[in-house]
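An overview of the molecular structure
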Amino acid sequence: MRKLSLVVAIAILPLFGFSQSIFDKYEDMDNVGTVVVNKGMIDLVSKIGSMTDDEEAREFAEVAKGINGIKVFITEDKGVSSSMASTVKKYLKSSSMEELMRVKDKDVNVKFYIKSGKDEDHVRELLMFVSGMKNMDVDVNGRKFETVLVSMTGDIDLNKIGAITNKMNLPDDLKKAERNSRN
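Residues numbered from 1 in each chain as written. Predicted model: local features only at pLDDT ≥ 70, side-chain atom pairs only at ≥ 80, totals over all residues. Heavy atoms only, no water.

On to the overall build of the protein. A count of helical and extended segments in the protein gives 6 helices and 6 strands. Starting at the N terminus and walking to the C terminus, you meet the elements of the protein as α-β-α-α-β-α-β-β-β-β-α-α. A buried classification covers 33% of the 183 residues belonging to the protein. Intrachain contacts of the protein at a sequence separation of at least 6 include 60% that bridge at least 24 residues. Accessible surface, the protein: about 12000 Å² in total, of which carbon and sulfur atoms supply 55%. (Helix = DSSP H or I, 4+ residues; strand = E, 2+ residues; numbered from the N terminus. Buried < 20%, exposed > 50% of the residue type's maximum accessible area, 1.4 Å probe, protein only. Contact = heavy atoms within 4.5 Å. Areas by Shrake-Rupley, 256 points an atom, 1.4 Å probe, with all protein chains shown as cover.)

Moving on: the environment of F73. Along the chain, F73 turns up in strand 2 (residues 67–75). It is 8.7 Å that separates the C-alpha atoms of F73 and V36, two residues lying 37 residues apart in sequence. When sequence neighbours within four positions are dropped, the list of residues in contact with F73 reads F23, Y26, E27, V32, G33, T34, M84, T147, V148 and L149.

Looking now at a nonpolar patch on the surface. A cluster of nonpolar side chains, namely M41, L44, V45, I48, M51 and F60, defines an oily patch on the protein surface of about 620 Å² accessible area. As for its placement among the helices and strands, M41 is situated in helix 2 (residues 39–50). Look at M41 and you get partly exposed, because its relative accessible area is 47%. (Patch = residues over 30% accessible without salt bridge, like charges linked within 9 Å, V, L, I, M, F, W, Y side chains within 5 Å. Salt bridge = Lys/Arg side-chain N within 4 Å of Asp/Glu carboxyl O.)

Extensive coverage of strand 6 (residues 147–157) is indicated by the burial of 9 of its 11 residues. For strand 2 and strand 6, the ladder comprises 8 bridges, and the chain directions are antiparallel. Residue pairing for strand 6: I70 is matched across the bridge by M152. In this structure, strand 5 (residues 122–131) lies alongside strand 6, joined through 9 bridges in antiparallel fashion. Bridged to L127 within strand 6 is S151. (Pairing = 2+ DSSP bridges.)

By size, the foremost hydrophobic cluster in this structure holds 14 residues, and its most contacted members are F23, Y26, F73, M84, V88, L127 and L149. Of all elements in the fold, only helix 4 (78–94) and strand 5 reach the threshold of two or more residues within this core. Here the element with the most residues in this core is helix 4; it accounts for 5 residues. Ignoring anything within four residues of it in the chain, the contact list for M84 reads Y26, V32, F73, T75, F129, T147 and L149. (Core = buried A, V, L, I, M, F, W, Y, C linked by side-chain atoms within 4.5 Å.)

Before going further, it helps to spend a moment on the environment of G49. Checked against the element boundaries, G49 lands in helix 2. Looking at G49, the relative accessible area reads 11%, which means it is buried. Taking C-alpha positions, G49 is 7.3 Å from F60, a pair spaced 11 residues apart along the chain. Beyond its immediate chain neighbours, meaning those up to four positions away, G49 contacts A57, R58 and A61.

Under the counting rule described, the total for this entry stands at 5 salt bridges. A salt bridge links K115 to E125, with the shortest nitrogen-to-oxygen separation between them at 3.8 Å. In this pair, K115 is assigned in strand 4 (residues 108–116) and E125 in strand 5, connecting sequence segments 10 residues apart. Note on accessibility: K115 and E125 belong to one class, buried. Linking K118 and D155 is a salt bridge whose minimum nitrogen-to-oxygen distance equals 3.3 Å. One end of the pair, K118, is in the loop between strand 4 and strand 5; the other, D155, is in strand 6, with 37 residues separating them in the sequence. The class of K118 is exposed, set by a relative accessible area of 62%. Looking at D155, the relative accessible area reads 34%, which means it is partly exposed.

Below is the structure:
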């Protein structure tokens, strides 16, 4: 009976947050650049930021406290870009995410999605998907990226993120869109 209980417990563990992300398959691909920031690193940055006299660093540290992880995947490969688009579409159908905003400029599409949190000011996940960048003048070490996928999970306070983005030097149209999407 104990063995059966142990097997059942191990089988349901992934349902309690220990499962991998649907996007993790891109981590090991040769033609995908990956940045994964886990909770330990976020906590370290948060602690360092909270000890400084810089008000913006302290605000960033406050936002970081609620973040569990950040994953960024970038590729210049059209096949992988297509796969990422399909994976995002599949993920959106199976999750309770809603579109926050989208921006289209020529061939470039930027879409932001959120998964609701404990109240209307908090989200459990922010997802950004950018496609069609190949023809832009964005060149990083000789590479022209086609697609960027960013997933941020945790207990994310939209008010704190809004306060930080208002201090950034963003184009007025993006600031206006960010404010309108929260209303």
